[in-house]
Structures are given as C-alpha cells and as structure tokens.
Amino acid sequence: MASSEHPGSPGWTGLINQHTPRTRQEVLPSRPDLPCPGPEEHLETQDSPSSNSCMTTKELQEHWQKEKSRWRHVKLLFEITSARIEERRVSKFVMYQVVIVQTGSFDSDKAVVERRYSDFERLQKALLKRFGPELEDVAFPRKRLTGNLSAETICERRLELCDYLRLLYAVRAVRRSREFADFLTRPELREAFGCLRAGQYARALDVLGRVVPLQEKLTAHCPTAAVPALCATLVCLRDLERPAEAFAVGERALQRLWARESHRYYAPLLDAMVRLAYALGKDFASLQGRLDDSQLRRPTHRGFTLKELTVREYLS
C-alpha cells in the first residue's frame, strides 16, 4: 500500500502547486482552508465554454460540433412495474417501483427507483408552481381519503402514475428541469453522498453506480450536471484503492468540463487526476499543464481538494 504522504497515494490530501509545474521528485504543500461552496448550476442554463477559455474561433467551432454529436437527445421510457405496501410504526403507505430505460437501443443501465404517492404529489406542486400553463393537459391522479391500500386502488394508481410520468416527459421544459431530475435522482444521490461523508465508500459506490447512469440520461442536455456525482465516484474508487477505475471515471468527468475552466470542479478534478496519473505511471505532465494554465487565467489563493468539495454536496 502506498504511503499516505506520497502524492500518488489514495490517502494524500495535499494540493499541487497551481502556478509552477511539478516533477515527481518535488514535495507538495499542505492543503489550505476549504472555501465556501459555489451555487448549484441550473439544468436549464446553456452549458457553454468558459469566457476565460483560450480556444480560437476554429477550435470553438470544432468543440460545438463534437458537443452536438456527443450529447445527442436521449429518449426515456417510464414504467411502474410493481407496488408494495410498506408498514411503519404509525403508518402504512404504498411504494411504487419506477423503471426507466432508454429507447432505441438495448439499455444495459436500466434504472429502478421507488417513490410513494406523496413524492409524486410534491413533484406536481413544484411543477405547477413553475410551469402551470404548460401542464394543462397533464392529469395528476387524485388523492383518495379511503381505500388507498386496496389492491384495486393500487393497480389503478400505478397505471395513472405511469401515464403521468409519460405526459410530463413529453413536455420539453419539464423533462429538462431540475425538479424532474431531482424527483428521480435526488433521494439516491443524497444517500450516496451521505455514505461518502461517513466513509462508507463501498456503499456509496454501489448507490452511485445505480443512479449516475440515470442522472446522465436525464441531464444529457447539460453535461456538467453529472460532474459532482462522477467526482464522488472517483473519490470512492480512489479511497478503495482502485486507482485505474478512478482515473477512467475522472476522464469521463473531464470530458464534461471541456473548455469550462471556471467550473468549481475543474481545478480540484485536474489536481486529483494528476495524482492518479502519477500513481498509475501515466503521463501527468499534460494534466499538470492544464491545471497550471487554468490557475494562471483564474488565480486563486485558497485551494481545496476534490474530496473536500464532494462531501459538501447534498447536505439538505
């Protein structure tokens, strides 16, 4: 096992000097204080290269051509395949199993989540508040005062909720909204990041492995939306001493941050990738160069590690 004092070690938490390129023999400084986290990005915001990017006009044109082909529209199909009654100390309620698959080709990353009627109800209220007129043709299953646990009611409501999701997804503004994505992913992401904060990396990795593919499909129009979850996956794999897998996930995250040096995850992710490349015996000079260039354009006095950034996600 590598020493935690070594820059390539999973336990290493220091930062690479962000102004002068480093060699393998140089010792890195200790980590500075953690800054306040930046605001969350909105899924509806146009995802564009940083204004500080040094790309030429030709490079920008080539970039957008690649983006257009890479982040093509993803069409999803929703099914509520089953339901079960969950009993708590003072209440009983029905949990509906929602299956989400990508249409048009075989989907090996079929997503399965469980939600109760009250979760759907909160989603409806949030969407009505924001998209009221656009939801005129979307019928929401009415609330019943009695008989909610009968087999007939559960079967009927299962079909109604399935139709409700399909109708919502047909509305472009809704399917691209944070509210819709959060409904299908936020509970699982909160669980995963909670496990990460508790040091339960294997459990966090298991949950992330199920929810990240779904988040990527739901936010295909906004590539950076999945960056925090991908970086959390990298942290878990790295701390479980699986550096090769961590590096591969980091490359996926970096693809989503191409020409977006101003993104709050850009420098910490590059810093982590430099260390992983060193540990794996890969060429880390190009990654270090990108990090140095970014810091020259956007100098910062307070650096922070990727792990310090990810553990502050989904706190509420």
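Look up a bit, the structure's there.
What this report covers is the structure whose coordinates are included nearby. (Residues numbered from 1 in each chain as written. Predicted model: local features only at pLDDT ≥ 70, side-chain atom pairs only at ≥ 80, totals over all residues. Heavy atoms only, no water.)

1. Comments concerning helix α10 (residues 285-297)
Because an α-helix completes one turn every 3.6 residues, residues spaced three or four positions apart along the sequence face the same direction. Between its first and last C-alpha atoms α10 spans 18 Å; for 13 residues at 1.5 Å apiece the expected length is 18 Å, and the two agree. Of the residues making up α10, those classed as buried are Leu287, Gln288, Leu291, Asp292, Ser294 and Gln295. The arc enclosing the buried residues of α10, seen along the axis, measures out at 160 degrees, which places them on a common side. Those residues of α10 hidden inside the fold are in contact with α8 (243-256) and α9 (266-280). (Helix = DSSP H or I, 4+ residues; strand = E, 2+ residues; numbered from the N terminus. Expected span 1.5 Å × (residues − 1). Buried < 20%, exposed > 50% of the residue type's maximum accessible area, 1.4 Å probe, protein only. Arc of directions from axis to C-beta. Contact = heavy atoms within 4.5 Å.)

2. Re the pattern of salt bridges
By the definition in use, this model includes 21 salt bridges. The shortest N-O distance in the salt bridge between arginine 275 and aspartate 271 comes to 3.1 Å. Residue arginine 275 and its partner aspartate 271 are both found in helix α9; the two are separated by four residues, about one turn of the helix. For the residue pair arginine 275 and aspartate 271, the accessibility class agrees, reading buried in each case. Connected through salt bridges with shared partners, the residues Arg84, Glu86, Arg88 and Glu114 form a single ionic network. (Salt bridge = Lys/Arg side-chain N within 4 Å of Asp/Glu carboxyl O.)

3. Quick word on the sheet that holds strand β1 (residues 76-87)
Taking strand neighbours across the sheet as the criterion, the three strands line up as β1-β2-β3 in an open arrangement whose pairing is antiparallel. Looking at strand neighbours, the two that pair on one side only are β1 and β3 (111-116), the edges of this open sheet. Ignoring which end each strand starts from, the neighbouring axes of this sheet average 25 degrees apart. Summarising the sheet, β1 and strand β2 (residues 92-102) pair through 11 bridges and their orientation is antiparallel. (Pairing = 2+ DSSP bridges. Axes fitted to C-alpha atoms, helices over the stretch in contact; angles between N-to-C directions.)

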